[in-house]
Amino acid sequence: MTVSAAFGAGGPVVGPAVADRLGMRFVDRAIPEMVAGEIGCTLEEALVHDDRALSGIGRILAGAARLPTVALGMDVYLPDRTIAQPEDFVAHTEAVLNRLADRGGGVLLGRAAAVVLAGRRGVLHVRLDGPRDRRLAPAAAEMPAEMSPETGRPARSGPPDRDVERMLDDNDRARTAYVKHFYGADPADPRLYHLVIDTTRLPVSATVELIVVAALAV
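Overview of the structure. (Residues numbered from 1 in each chain as written. Predicted model: local features only at pLDDT ≥ 70, side-chain atom pairs only at ≥ 80, totals over all residues. Heavy atoms only, no water.)

Points about the pairing of strand S1 (residues 2-5)
And step 1. What you see with S1 is no split at all: Thr2 and Ser4 on one side and Val3 and Ala5 on the other are buried throughout.
And step 2. Two strands pair when backbone bridges link them, and S1 and strand S5 (residues 107-109) are joined in this way by two bridges, in the parallel orientation. Bridge pairing in S5 links Val3 to Leu109.
And step 3. Relative to strand S6 (residues 125-129), S1 runs parallel, the two being bridged by four bridges. (Buried < 20%, exposed > 50% of the residue type's maximum accessible area, 1.4 Å probe, protein only. Helix = DSSP H or I, 4+ residues; strand = E, 2+ residues; numbered from the N terminus. Pairing = 2+ DSSP bridges.)

A short note on the side chain of Arg135
And step 1. By the secondary structure assignment, Arg135 is in helix H7 (residues 132-142).
And step 2. Its relative accessible area of 5% is what places Arg135 among the buried residues.
And step 3. The contacts of Arg135, once residues within four sequence positions are left out, are Ala6, Phe7, Gly8, Ala9, Asp129, Gly130, Leu168, Asp172 and Thr200. (Contact = heavy atoms within 4.5 Å.)

Here's the deal with the sheet that holds S1
Paired through their backbone hydrogen bonds, the strands of a sheet run either parallel or antiparallel.
And step 1. Taken in spatial order, the five strands line up as S2-S5-S1-S6-S9 in an open sheet, and their pairing is parallel. What marks the edges here is a single partner per strand, and that holds for strand S2 (26-27) and strand S9 (195-198).
And step 2. In this sheet, S9 lies alongside S6 in parallel orientation, the contact comprising four bridges. Among the inter-strand pairings, Leu128 is bridged to a residue of S9, identified as Ile197.
And step 3. Those strands touched by helix H9 (residues 204-217) are S6 and S9, and its axis lies near 175° from that of S9. (Axes fitted to C-alpha atoms, helices over the stretch in contact; angles between N-to-C directions.)

The following block contains the structure:
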């Protein structure tokens, strides 16, 4: 099963819940970890080229092979160094997705998996989305907290509402750009999915139930 989720649409919550109900593996962070191991780079480098990373997509679209020092929101900084081309990361990500599908898959979140695995029988493709204004509150819960070195508490660069709006818009643009740039598709196109759910209008329990029923029917 593949799950594509707009930022603030509950992918990190719904995905694991569906996997638990179906007795399947939830696969999210494991994908860039596998890619990093195959290419021989660090996990942080792989995350910069990942569609669910909070930064770095602009560098993919610019085709940059060298990364400036960049913060990933997890107290890790990348030195200025030469790494593999973005296309290499995408190709390895596709290979990982296909191997996971060969082995029975799981619940795969993001990485344009609905496009990569579009021709496979028995794979349910789900899209979680909702109006921008209704995704703002859930998006706040998905935002990583940047810690202030002085207080040790979360620090924001501006008013909380403005920070959330900026993060949501940046993520929407980045995830859309990733799929459009590498696959020529729009991740919000309903034709890519068997099931599209507005998670801003349904509770998590109902969303999970809908997906589980659909998965058992495929």
